[in-house]
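Spelled out, the chains give:
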Amino acid sequence: MPVILIANPKGGVGKSTLSTNVAGYLASRGHKVMLGDVDKQQSARRWLAQRPAQLPLIQGWDFDGEQVVKPPKGVSHVVLDSPAGLDGKRLKTLLKLADKLIIPLQPSMFDIQASFDFVQKLSELRSRDDPPKRLPQLALVGMRAKEGTLSLQQLRGFLAGLDTPVLAILRDTQNYVQLAAQGLSLWDVAEGRVERDLAQWAPLTAWLDAKSS
């Protein structure tokens, strides 16, 4: 059962936006999806509470991230929305559970530095033990990007210097805000309304569909 963790210790980078849309995509593919909200703000849980009953079901999971526990039976995919400040025991617990880890970041120097530090920390965790620990398959996703801005140029330059794959750079659009308020994802509305956004997600969804190595 794939467990997909959305994490970045920096707050306000778009973790809940990413996690709810990942869950929405997987549910649209017919998977039995569970969305775990480890964040105290409970943004993902509030999104689920707004979700219309006629849409593909996404179950909620009350999970504090403190102990390694198995997801309930009957679930095929788990998406975990994590809190800001993720560190220590909780980080290690979630890493043990996850098969894939997506790190969202926005085009700002604060996000870039925090994300660099996080990737470095994950690398240190991997190499600290002998033999090295297995870590989830890592990938980065740029969030709320505005074309033609210096900040996006800086983000692209930063991402180009990393070994971690970059799956997508998602544009800054009200689509995500409006859909989230209704418990919807990009895959719950007419394709023509979000065609440009779906195209940006294509490499990310292909990565989600691929089996972890």
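Quick caveat: nothing in here was measured; it's all calculated off a predicted structure.

## A closer look at the overall build of the chain
Helix and strand counts for the chain stand at seven helices and seven strands. Ordered by position from N to C terminus, the α and β elements of the chain give β-α-β-α-β-β-α-β-α-β-α-β-α-α. Here the C-alpha atoms of the chain give a radius of gyration of 16 Å, agreeing with the 17 Å that 2.2 N^0.38 yields for 213 residues. Counting across all 213 residues of the chain, residues that qualify as buried make up 50%. Taking the 27 positively charged and 21 negatively charged side chains of the chain as two groups, their mean positions are separated by 4 Å.

## A closer look at the layout of surface pockets
Over the atoms rolls a probe the size of a water molecule, and in doing so it shows where empty space is left. Estimated volume of the largest pocket: approximately 320 Å³. Contributing to the lining of the largest pocket are 22 residues, with Gly14, Lys15, Ser16, Thr17 and Arg144 lying nearest its centre. Contributing elements (two or more residues each) for the lining of the largest pocket: helix H1 (15-28), strand S6 (137-145), strand S7 (166-171) and helix H6 (174-180). Within the lining of the largest pocket, the residues separate by chemical class into seven nonpolar, nine polar and six charged. Of the volumes computed, that of the second largest pocket is approximately 160 Å³. Around the second largest pocket, the lining residues are Val119, Gln120, Leu122, Ser123, Arg126, Leu135, Leu138, Leu162, Asp163, Thr164 and Pro165. Sort the elements by how many residues they give to the lining of the second largest pocket and helix H4 (residues 109-128) lands first, with five residues. Residues of the lining of the second largest pocket, tallied by class, amount to six nonpolar, three polar and two charged.

## Observations concerning the packing of aromatic side chains
What the rule picks out here adds up to three aromatic pairs. Ring centres of Phe116 and Phe158 lie 6.4 Å apart, and the angle between their planes is 70 degrees; on these two criteria the pair is classed as edge-to-face. Highlighted residues: Phe116 in helix H4 and Phe158 in helix H5 (residues 150-160), separated in sequence by 42 residues. We classify Phe116 as partly exposed; its relative accessible area is 32%.

## Considerations on the nonpolar core
Ranked by size, the top nonpolar core spans 34 residues in total, and within it Leu18, Ile102, Val141 and Leu204 carry the most contacts. Broken down by secondary-structure element, the contributors of at least two residues to this core are strand S1 (3-6), H1, strand S2 (33-37), helix H2 (43-50), S6, S7, H6 and helix H7 (195-209). No other element matches the six residues that H1 contributes to this core. Contacts of Leu204, omitting those with residues within four sequence positions, involve Leu18, Ile102, Val141 and Leu167. Counting 33 residues, the second largest nonpolar core, distinct from the first, contains Ile112, Phe118, Leu152 and Ile169.

## Quick notes on the pairing of S7
Judged by how many residues are buried, S7 sits mostly within the fold: five of six residues are covered. Relative to S7, S6 is paired through four bridges, and the arrangement is parallel. Along S7, the bridge assignment pairs Ala145 with Arg171. The parallel pair S6 and S7, bridged by H5, forms a crossover whose chirality is right-handed.

## With respect to the pattern of salt bridges
A complete count under the given rule lists seven salt bridges for this structure. For the salt bridge of Arg51 with Asp188, the shortest nitrogen-to-oxygen distance reads 2.8 Å. Of the two residues, Arg51 is situated in the loop between H2 and strand S3 (58-61) and Asp188 in the loop between H6 and H7; the sequence distance between them amounts to 137 residues. Taken as a pair, Arg51 and Asp188 share a single burial class, namely buried. One salt bridge connects Lys121 with Asp87, and the closest N-O pair in it is separated by 2.2 Å. Here Asp87 lies in the loop between strand S4 (77-81) and helix H3 (88-97) and Lys121 lies in helix H4, a separation of 34 residues in the sequence.

Procedures and definitions
Residues numbered from 1 in each chain as written. Predicted model: local features only at pLDDT ≥ 70, side-chain atom pairs only at ≥ 80, totals over all residues. Heavy atoms only, no water. Helix = DSSP H or I, 4+ residues; strand = E, 2+ residues; numbered from the N terminus. Rg over C-alpha atoms; globule rule 2.2 N^0.38 Å. Buried < 20%, exposed > 50% of the residue type's maximum accessible area, 1.4 Å probe, protein only. Lys, Arg positive; Asp, Glu negative; His and termini not counted. Charge placed at Lys NZ, Arg CZ, Asp CG, Glu CD. 1 Å grid on protein atoms, 1.4 Å probe; cavity = no way out; pocket = protein on both sides within 12 Å on 5 of 7 lines; lining within 4 Å. Points joined across faces, edges and corners; volume = space filled by probe spheres on them. Nonpolar A, V, L, I, M, F, W, Y, C, P; charged D, E, K, R; others polar. Phe/Tyr/Trp six-rings, centres within 6.5 Å; stacked < 30°, edge-to-face > 60°. Core = buried A, V, L, I, M, F, W, Y, C linked by side-chain atoms within 4.5 Å. Contact = heavy atoms within 4.5 Å. Pairing = 2+ DSSP bridges. Right-handed = clockwise from strand over helix to strand, strands pointing away. Salt bridge = Lys/Arg side-chain N within 4 Å of Asp/Glu carboxyl O.

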